[in-house]
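What follows is the residue order along each chain.
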Amino acid sequence: MIQIDEMILRLPGISEEEGRQLGLDVAQRLAANAPDYPEDQHLGALNLQLSLSPSLSREQISDAIASQILGQLQTPSPPNHPIN
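Residues numbered from 1 in each chain as written. Predicted model: local features only at pLDDT ≥ 70, side-chain atom pairs only at ≥ 80, totals over all residues. Heavy atoms only, no water.

1. Concerning helix 1 (residues 16-33)
Worth spelling out the cut-off: Here a helix means four or more residues in a row that DSSP labels H or I, a strand means two or more in a row labelled E, and each is numbered from the N terminus. By this rule, a helix spans an expected 1.5 Å times one less than how many residues it contains. Residue exposure (1.4 Å probe, protein chains only): buried if accessible area is under 20% of the type maximum, exposed if over 50%, otherwise partly exposed. Arc definition: directions from the helix axis to the C-beta atoms.
Over its 18 residues, helix 1 runs 26 Å from end to end, which matches the ideal 26 Å to within 8%, given 1.5 Å per residue. Along helix 1, the positions that sit buried rather than exposed are Gly-19, Leu-22, Gly-23, Asp-25, Val-26, Arg-29 and Leu-30. Looking down the long axis of helix 1, one finds its buried residues gathered within 160° of arc, a one-sided arrangement. Looking at helix 1, the residues exposed on the side facing more than 90 degrees away from the buried face are Gln-28, Ala-31 and Ala-32.

The structure is reproduced here in structure tokens:
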């Protein structure tokens, strides 16, 4: 399960309502495509920076954002080793 506590989107030219709908679209894509994890994992924050064409539809933007999030979730994080 993926739980997103807060998602901040900075997209010039879209209204607050369009941003809200985009966030819901991204969440639906994540729910449909996220791998099953055997136990809960917590990520403090993900910072995504995408360059998107202004001609993309909302669905294409949602797909791009969800793909980037899933890509970061599937990238193994470095092990925690104490620094001596």
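2. Comments concerning helix 2 (residues 58-74)
In this model, helix 2 (17 residues) spans 24 Å end to end at C-alpha, consistent with the 24 Å of a helix rising 1.5 Å per residue. For helix 2, the full list of buried residues reads Ile-61, Ser-62, Ile-65, Ala-66, Ile-69, Leu-70 and Leu-73. Mapping the buried residues of helix 2 onto a view down its axis gives an arc of 160°, with all of them on the same face.

3. Some words on the nonpolar core
Side chains that are nonpolar tend, in soluble globular proteins, to be buried together. Spelled out, the test is: By nonpolar core we mean a set of buried residues, namely Ala, Val, Leu, Ile, Met, Phe, Trp, Tyr and Cys, connected to one another through side-chain atoms within 4.5 Å. The contact definition used throughout considers only heavy atoms, calling two residues in contact when any of these lie within 4.5 Å.
With nine residues, the main nonpolar core is built from Leu-22, Val-26, Leu-30, Ile-61, Ile-65, Ala-66, Ile-69, Leu-70 and Leu-73. Mapped by element, the contributors of at least two residues to this core are helix 1 and helix 2. Here this core takes six residues from helix 2, the largest share from any one element. Not counting residues up to four positions away in its chain, the partners in contact with Leu-22 are Leu-9, Leu-11, Arg-58, Ile-61, Ser-62 and Ile-65.

4. Notes on the layout of surface pockets
Quick reminder of the rule: Think of a 1 Å grid over just the protein atoms. A cavity is a set of points where a 1.4 Å probe fits yet cannot get out, a pocket is an open set with protein on both sides within 12 Å along at least five of seven lines, and lining residues have an atom within 4 Å of a point. Grid points are joined across faces, edges and corners, and a volume is the space filled by probe spheres set on the points. All amino acids are sorted into three groups, where Ala, Val, Leu, Ile, Met, Phe, Trp, Tyr, Cys and Pro are nonpolar, Asp, Glu, Lys and Arg are charged, and the leftover types, Gly among them, are polar.
Of the pockets and cavities examined, the second largest pocket occupies roughly 250 Å³. Every element with two or more residues in the lining of the second largest pocket is listed here: helix 1 and helix 2. For the lining of the second largest pocket, the per-class residue count stands at nine nonpolar, two polar and two charged.

5. Description of the pattern of salt bridges
The test is simple: Between Lys or Arg on one side and Asp or Glu on the other, a salt bridge is scored when a side-chain nitrogen of the former is within 4 Å of a carboxyl oxygen of the latter.
This model, assessed by the stated rule, comprises four salt bridges. One salt bridge in this structure joins Glu-17 and Arg-20, with 2.8 Å as the shortest N-O distance. Remark: Arg-20 and Glu-17 occur in helix 1; sequence separation between them is three residues, near one turn of the helix. Among the residues examined, Glu-17 registers a relative accessible area of 47% and is labelled partly exposed. By relative accessible area, Arg-20 is classed as partly exposed at 42%.

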